[in-house]
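Take a look at the letters that make up each chain.
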Amino acid sequence: MPIETWDRVWTNASLATMVEGGAAYGIEHKAALAVAGGRIAWVGRMADLPDSAERCALDVHDVGGAWITPGLIDCHTHLVYAGNRAHEFEQRLQGASYEDIARSGGGILSTVDAVRRASEQDLVDQSLTRLDTLLAEGVTTIEIKSGYGLDTQTEVKMLHAARALARVRPVDIVTTFLGAHALPEEFQNRPDSYLDRLCDEMLPEVRAQSLANTVDAFCEGIGFSNQQVGRVFSKASELGMRVKLHADQLSDRNGAALAAKYGALSADHLEYTNEAGVAAMAAAGTTAVLLPGAFYFLGETRRPPVHWFREYGVAIAVATDCNPGSSPTTSLLLMLNMACTLFRMTPDEALAGVTRHAARALGLGDRGTLERGKRADLAIWSIAHPAELAYHIGANPCRAVIRAGEIVKTVEVV
């Protein structure tokens, strides 16, 4: 490469490239990484640089042995909402189950009421606090679902608010339409009528405004049946939209196999998934997204079948599931620890779950690893080894964040 064509180069780094198929973490010591035009232009050992760093790049940063990983990706959140459900937390501690609360009119429907009453700006303002906490931990891409509107106007409002966040913060936001999240109060005992509205009005409007990249649904006893989800997914396919599914969280309803049938990008939760469902996911290339925050917060005991995911070669992603009812967390780093302690994943698997496999769960092939040509989304850490990212509880060793080659956060190191 001709001299002085790189925009920036980071030197004296240890890299966790997270490239698949090699040693754990894809570690490279005494390394450098260069970016040009928002993408990784060169990565490797410093000894192999084509010339001195100062002659190769306009801007040189010596990180003094700090670690660089891909920017983190939170691939399943319900980040945009209003209010909170702390009172339901108290109810559960007194013995009520998540399903009990939902069937009595609480749960998702209580948040629906708050979101319907909130303005778009209210939603943006409340969501920014949650988003900022995630970004401070090295997150550069985040998925945000709708699903707390359950009517056309409010679902559209939520998706507009999610898109607005990306205009005021340095983050890529992938939006997902989750109209099939719950049955709204005005359609109680009339699920087919609601699905008529969803398929004939809501989904086409979301598509017409290009407000969502994917379509999701909640397949569960307190959500929608397999047949009903199939109807939503068929409409999504007709509109040219990819799908993903909340599957087998509270019971085994063959949700994983249903997701695979429709070529879903991901099936999420999966605590009760059976082996046949895992095999179907493997055949379809559907990613498993595990959500240890919800597992922990709801006091669940049935772990997702990580051993089958490994055996069948299903990619495993990890996400916060940030939401007011079952996972009110804004720490993706904490989810790494929980994935290891609760689901017995390795720290390497957990980090892959918030980098390359999280990218796969969102259909984003341009990020998630440190490789030439990938987007230059990076996080720089003051750690001695990548395992520390899953080891620490409540710590945030992130010292710099780079998004598309631009430095958006810097503390101490860069």
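## Let's talk about helix α6 (residues 152-168)
Thinking step 1. For α6, with 17 residues, the first-to-last C-alpha span of 25 Å sits near the 24 Å given by 1.5 Å per residue.
Thinking step 2. All of the buried residues in α6 are Thr 152, Thr 154, Glu 155, Val 156, Lys 157, Met 158, Leu 159, Ala 161, Ala 162, Ala 164 and Leu 165.
Thinking step 3. Considering only its buried residues, α6 is in contact with α4 (108-117), α5 (120-136), β7 (139-145), β8 (172-180) and α7 (191-208).

## Description of unusual backbone geometry
Glycine aside, negative phi is the norm for most residues, and most peptide bonds take the trans geometry.
Thinking step 1. With phi around 60°, Leu 150 is a residue other than glycine that occupies positive phi space.
Thinking step 2. For Leu 150, the location among the structural elements is in the loop between β7 and α6.
Thinking step 3. Owing to a relative accessible area of 1%, Leu 150 belongs among the buried residues under this scheme.
Thinking step 4. One non-glycine residue with positive phi stands out, namely Asn 189, at about 70°.
Thinking step 5. Position of Asn 189 relative to the elements: it lies in the loop between β8 and α7.

## Some points on the sheet that holds strand β6 (residues 72-74)
Thinking step 1. If you trace the 8 strands from one edge of the open sheet to the other, you get β6-β7-β8-β9-β10-β11-β12-β13, paired in parallel fashion. In the strand order of this sheet, the two ends are held by β6 and β13 (316-318), each with one partner. Direction aside, the axes of adjacent strands within the sheet are offset by 25° on average.
Thinking step 2. Packed onto the sheet, α7 meets β8 and β9 (214-219) and runs at close to 155° relative to β8.
Thinking step 3. Along the sheet face, helix α8 (residues 226-238) touches β8, β9 and β10 (242-247) and points at about 175° away from the line of β9.

## Some remarks on the nonpolar core
Thinking step 1. One finds Ile 142, Leu 165, Phe 177, Leu 198, Leu 245, Leu 270 and Phe 309 to be the most contacted residues of the largest nonpolar core, which totals 103 residues.
Thinking step 2. Leu 245 has contacts with Asp 216, Ala 217, Cys 219, Val 229, Phe 233, Gly 255, Leu 258, Ala 259, Ser 266, Ala 267 and Asp 268, leaving out every residue within four places of it along the chain.
Thinking step 3. Ranked by size, the runner-up nonpolar core spans 16 residues in total, among them Ala 31, Ile 68, Leu 370 and Ile 402.

Reading the values: rules and limits
Residues numbered from 1 in each chain as written. Predicted model: local features only at pLDDT ≥ 70, side-chain atom pairs only at ≥ 80, totals over all residues. Heavy atoms only, no water. Helix = DSSP H or I, 4+ residues; strand = E, 2+ residues; numbered from the N terminus. Expected span 1.5 Å × (residues − 1). Buried < 20%, exposed > 50% of the residue type's maximum accessible area, 1.4 Å probe, protein only. Contact = heavy atoms within 4.5 Å. Pairing = 2+ DSSP bridges. Axes fitted to C-alpha atoms, helices over the stretch in contact; angles between N-to-C directions. Core = buried A, V, L, I, M, F, W, Y, C linked by side-chain atoms within 4.5 Å.

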